[in-house]
Amino acid sequence: MSILLSNISKKFGAFSALDNINLEIPEGELVALLGPSGCGKTTLLRIIAGLERADQGRILISGQDRTEHDVSKRGIGFVFQHYALFRHMTVFENVAFGLRVKPRRDRPSNEVIAKKVHALLELVQLDWLHDRYPDQLSGGQRQRIALARALAVEPSVLLLDEPFGALDASVRKDLRQWLRNLHHDLNVTSIFVTHDQEEAMEVASQVVVLNHGKIEQQGAPSEIYDHPSNAFVSGFIGQTNVFNLEHQDTDWLQTAGLSTLQQQGKIVHVRPHDIVIEKSALDSDAFVTLKDWQHLGALIRIELVKNSVNGQPASVYAEMPNEQFKRLHLNKGDKVDLKIRHAHWFH
Amino acid sequence: MNATAQPINPGKLVERHQLAVQDPDWVRWSLIVIALSFISLFICLPLGLVIFKAFSKGLEAYWSALAQPDTLAAIRLTLLTAVVTVPLNTVFGVAAAWAITRFDFKGKSFLTTLIDLPFSVSPVISGLIFVLLFGAEGWFGDWLIEHDIKIIFAAPGIILATLFITFPFVARQLIPLMQEMGNQEEEAALSLGASGWKMFWSVTLPNIKWALLYGVLLCNARAMGEFGAVSVVSGHIRGLTNTLPLHVEVNYNEYNIVGAFAGASILAALAIVTLILKTALEWKSEAER
Amino acid sequence: MSQNSIMPGFRPTIGFTVVYLSLVVLIPLSTLVFKSFQLNWDDYVHIITNKRVLSSFRVSFTTALAASLIASFFGFIVAWVLVRYSFFGKRFFHALIDFPFALPTAVAGIVLATVFQPSGFLGKLLIDTLGVQVAFKPLGIVMALIFISIPFVVRTVEPVLLEFETSMEEAASSLGATRLQVFLKVIFPNVFPALLTGFALSFARGVGEYGSVIFIAGNLPYVSEIVPLLIVTKLEQFDIQGATAIALTMLVISFLLLLLINMLQYWVRKRSGQL
């Protein structure tokens, strides 16, 4: 189901958590609400769910105004950051809960409930745990049970609050892929909150970047990465080198092959992989020194120091594949030439 | 995206829908009314009555009731009992908590259960057991009579029974706290070369001081206010073996209501002071956390 | 005993603890058991099956049971209100909860007797409006025991409610449960073990309670005479054997009941996955 948020605002005392949010989420998308902590992303998710009241604005789910519906009647599924599984119920009863609390006339029979719960547990590949209690499960298992529980009531929208936040790094990797596949199979419109840009880029089909209670940019991951609409988004998504024309970086950037004088803005962001380095032929002219490098798996991250005449010495990071770096035969302290292939300009 | 079925009025304020963790107003208000009525009936009313009754015949009647030699003797005996029992049980509480929380040994949980034992024994039985030990027909009865030592129907019996009744108070406050605290800070102090005593005074004691005071406070309140156990061993001899609570009972049974309530109001004042100090201690330890 | 800790002071503290515990608690308490060995079985049965003794047991246990049940019900509401809602004077009421704990029982006794006696403030009101006399009846005992029980229930339930994860409630709501269903199916089962503990504590205290009860009870044999009072009466008549037999019986029954409640609690926790 599609979701439309219109003019949502929320204040906590004098602090404006959300400021006039307008957002449209088409049906079937897997959307990440991405932003630093305190940006209002969790508040927005809770407002969509009805767990929190907006001060103003409307929430429409498939065209229906649901702003004044209680959370229990909103038809959403919510997966909590710390899962919020019912400690006193078995895994089976946890998943069955949403079906058992239905009004008598809508409530399925016990056989139907059992069948459905087992089907859901098989979907999350945990049917063998059906008689355990939450305290006996690992974090990743709890997460998947929480998801199965939310899915049991066939929500029109699935909302997940920091779904991987409380998990170990290795489990997180697996679950991301798994969630993506699950979403592909079920095709339920889903929104998840995260502060981890890598997670958002990897899992989501649409990313909404929030900061200070406002939407900075919305779009497909590639679009956001390739065409960040402002300096915040560019800095928040992926690694970037920041240069400021007002801080006398102009000459240095020109030397690096960037035609700076188009006055497209005052701030330049350059991704590490958009920097090409070569061993300098003329030692004396070189304006960058290689300081150190780190292996990041297939890539090498190279730390360079720019020593321009009138600029401050500062670090610049470049990335290139391992093989390519080996071919350059560089050592620490070597002077290198540097070319910028592509840059983003901001005011 | 489906076409929106309804026009959107973005400026419209959102009506208060029910949040998940909130109870409807009528539920909230009825429960508050029920709870406060219950507290008022069972707690505020008795509290008010003690104060009212004590002064109902005027301040002078109150003072004359308090100034009677019997009353003063009862106050003295009550204070004596507290002065002996509270320090003993405090020392015990600290020692027991130290042994139980800082070391592993066999029978530890059994020992912890035994410490709580006096809580589950009726006060009357707590008195009775000392009569069985030291009374005329008791184990040491003949020996005591021979040597002309009085324990039952005398101050020592009262002190012993109170010691039994207030036995667990301090230990009970300290054990969970020291368990939770762990001993890392103490190990650090030892590794820095502190002696055992030095470590206790400069690391352990500052950490447990509020819980310790709390335990002492409760222990003291019970020591001064104990009735059942003391009543069994005291013999109710006016001016000699009546503690303040017993003195209140005697006056009440003799229809000396002002006298009874004068004594009662001292004990109630003790309870109120205890409550205030207890609340202050709770706030203090919360603030330090 | 083993100790592999670098902490000092094990021997002196454990030594003092064991010696002091034995002197103050264990040895005195054991005399009750040894003394009762002096009775032969027939004498014991004769004392215990006395009609007056039996009815005092009935009075003590039924009033304590009724009072603990009532106190558990209202105590739960009080704890709920104090944890969940904010209202004027909350901290004051919160502090008052411990008043019955701090007030000497004899004072509680005469105060409650004064309030509920037929000429008293509430006693008169109850007789005039409902025709119910509280004082000098088992109902009076129940009232006194409720007073005593309040802090036990409130203070055991309160911390559990305070630590209860509200996200469980939100989860239940998001799954479509009504507020009543959330309470019955999610909140209450999680608080129940603590409520049971509070109930057990107040019941144990109620059965043995003496000071706050005897003034209001009227102490009518067969009607409103409690076991502790009967023990005192036997003692005053120098019937040490009778007192001992009754005391031991009461102690054993209390321990058995506590054991039963502990087992029930274990079962509840196990069933609810908390073990």
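Treat the numbers as computed from the prediction; the structure is a model and nothing was measured.

1. A few points about the overall build of chain B
Working step 1: Along chain B, the regular secondary structure elements total 13 helices and zero strands.
Working step 2: Element order for chain B, N to C, with α for helix and β for strand: α-α-α-α-α-α-α-α-α-α-α-α-α.
Working step 3: For chain B, the C-alpha radius of gyration of 27 Å lies well beyond 19 Å, the compact-globule estimate for 289 residues.
Working step 4: Once the C-alpha set of chain B is aligned to its principal axes, its extents read approximately 105 × 65 × 30 Å.
Working step 5: For chain B, with 289 residues in total, the buried portion stands at 52%.
Working step 6: Across chain B, the fraction of contacts at a sequence separation of at least 24, relative to all contacts at a separation of at least 6, is 71%.
Working step 7: A total of about 13400 Å² of accessible surface is found on chain B, and carbon and sulfur atoms cover 65% of it.
Working step 8: With 18 positive and 21 negative side-chain charges, chain B shows a separation of 6 Å between the mean positions of the two kinds.

2. Observations regarding the interface of chain B and chain C
It is common to report an interface's size as the accessible area lost on association of the parts.
Working step 1: In this assembly, 91 residues from chain B lie in contact with 84 residues from chain C.
Working step 2: Contact between chain B and chain C buries roughly 7900 Å² in total, counting both sides, with carbon and sulfur atoms accounting for 82%.
Working step 3: Between chain B and chain C we count two salt bridges in total.
Working step 4: Where Arg179 of chain C meets Asp23 of chain B, a salt bridge forms, and the shortest distance between an N and an O atom there is 2.5 Å.
Working step 5: Between chain B and chain C we count seven residue pairs in polar contact (both at pLDDT 80 or more) in total.
Working step 6: Of the residues forming the side of chain B that touches chain C, the biggest block, 20 residues, is contributed by helix H1 (residues 25-54) of chain B.
Working step 7: Here the side of chain B that touches chain C is composed, by residue class, of 67 nonpolar, 13 polar and 11 charged.

3. Quick notes on the packing of helix H2 (residues 58-67) of chain B against helix H3 (residues 69-102) of chain B
All names here are of chain B.
Working step 1: It is at 5 Å that the axes of H2 and H3 come closest, and there the two elements cross at 65 degrees. When H2 is examined against H3, the residues Ala65, Leu66 and Ala67 are found in contact with a partner set consisting of Pro69, Thr71 and Leu72.
Working step 2: The residue inventory of the contact of H2 with H3, partitioned by class, reads five nonpolar, one polar and no charged.

4. Focus: the side chain of Thr166 of chain B
Residue and element names in this part refer to chain B.
Working step 1: With respect to the element layout, Thr166 can be found in the loop between helix H7 (155-165) and helix H8 (169-181).
Working step 2: A relative accessible area of 0% places Thr166 in the buried class.
Working step 3: Here Asn89 takes part through its side chain, which lies 2.8 Å from a polar atom of the side chain of Thr166.
Working step 4: If sequence neighbours within four positions are ignored, Thr166 has contacts with Thr85, Asn89, Cys219, Arg222 and Ala223.

5. Here's the deal with unusual backbone geometry
Working step 1: The phi dihedral of Asn20 of chain A falls on the positive side, at around 55 degrees, and the residue is not glycine.
Working step 2: The backbone of Tyr255 of chain B sits at a positive phi, close to 60 degrees, despite the residue not being glycine.
Working step 3: Mapped onto the elements of the fold, Tyr255 of chain B is located in the loop between helix H12 (244-253) and helix H13 (257-288).

6. Considerations on a nonpolar patch on the surface
Working step 1: Together, Trp139, Phe140, Trp143 and Ile149 of chain B together with Val33, Phe34 and Phe37 of chain C give the surface a local cluster of nonpolar side chains, amounting to about 740 Å² of exposed area.
Working step 2: Looking at the nonpolar patch element by element, the count peaks at three residues for helix H1 (residues 10-37) of chain C.
Working step 3: Tracing the backbone through its elements, the reader meets Phe34 of chain C in helix H1.
Working step 4: In this structure Phe34 of chain C comes out as partly exposed when scored by relative accessible area, which is 44%.

7. Things to note about the sheet that holds strand E14 (residues 288-296) of chain A
Residues and elements named next belong to chain A.
Working step 1: Spatially, five strands are ordered E13-E17-E14-E15-E16 in an open sheet, and the strand pairing comes out antiparallel. Single-partner strands in this sheet number two, and they are strand E13 (275-279) and strand E16 (314-321). Each neighbouring strand pair of the sheet contributes to a mean axis angle of 40 degrees, computed without reference to strand direction.
Working step 2: As defined by bridge partners, E14 adjoins strand E17 (residues 335-340) across two bridges and the pair is classed as antiparallel. Within the sheet, the bridge partner assigned to Val288 lies in E17 and is Val336.

What counts and what doesn't
- Along each chain, numbering runs from 1 in the same order as the chain's sequence is written.
- Whichever chain is written first becomes A and whichever ligand is written first becomes 1, with later ones labelled in order.
- With the structure being a predicted model, the display of local features is reserved for residues of pLDDT at least 70 and the display and counting of side-chain atom pairs for 80 or more, all residues being used for whole-chain, interface and lining totals.
- Only hydrogens and water are set aside; all other atoms, that is, all heavy atoms of the structure, feed into the side-chain values.
- Strands here are runs of E lasting at least two residues and helices are runs of H or I lasting at least four, both read from the DSSP assignment and numbered beginning at the N terminus.
- Atoms counted for the radius of gyration: C-alpha only. Globule rule: 2.2 Å times residue count to the power 0.38.
- Accessible area is worked out with a 1.4 Å probe on protein chains only. A residue is then buried under 20% of its type maximum, exposed over 50%, and partly exposed in between.
- Working rule for contacts: check all heavy atoms of both residues, and any pair within 4.5 Å makes them a contact.
- Throughout, the Shrake-Rupley method with a 1.4 Å probe supplies accessible areas, and for residues the shown protein chains are the sole cover considered.
- For this count, His and the chain ends are skipped, Lys and Arg are scored as positive, and Asp and Glu as negative.
- Charged groups are reduced to one reference atom each: NZ for lysine, CZ for arginine, CG for aspartic acid, CD for glutamic acid.
- Summed over both partners, buried area is the accessible surface (1.4 Å probe) that two parts give up on being assembled.
- By definition here, a salt bridge exists when the distance from a side-chain nitrogen of Lys or Arg to a carboxyl oxygen of Asp or Glu is within 4 Å.
- Here a polar contact is taken to be a pair of N or O atoms separated by no more than 3.5 Å, where protein atoms must pair a possible hydrogen donor with a possible acceptor and residues adjacent in sequence count only if both atoms sit in side chains.
- Ten residue types, Ala, Val, Leu, Ile, Met, Phe, Trp, Tyr, Cys and Pro, are classed as nonpolar, four, Asp, Glu, Lys and Arg, as charged, and the remainder, Gly among them, as polar.
- Axis definition: a line fitted to C-alpha atoms, over the contacting stretch in the case of helices. Angles run 0 to 180 degrees between N-to-C directions.
- Patch construction takes residues with relative accessible area above 30% that form no salt bridge. Like charges are linked within 9 Å, and nonpolar side chains (Val, Leu, Ile, Met, Phe, Trp, Tyr) are linked within 5 Å.
- DSSP bridges decide pairing: two strands pair if at least two such bridges lie between them.

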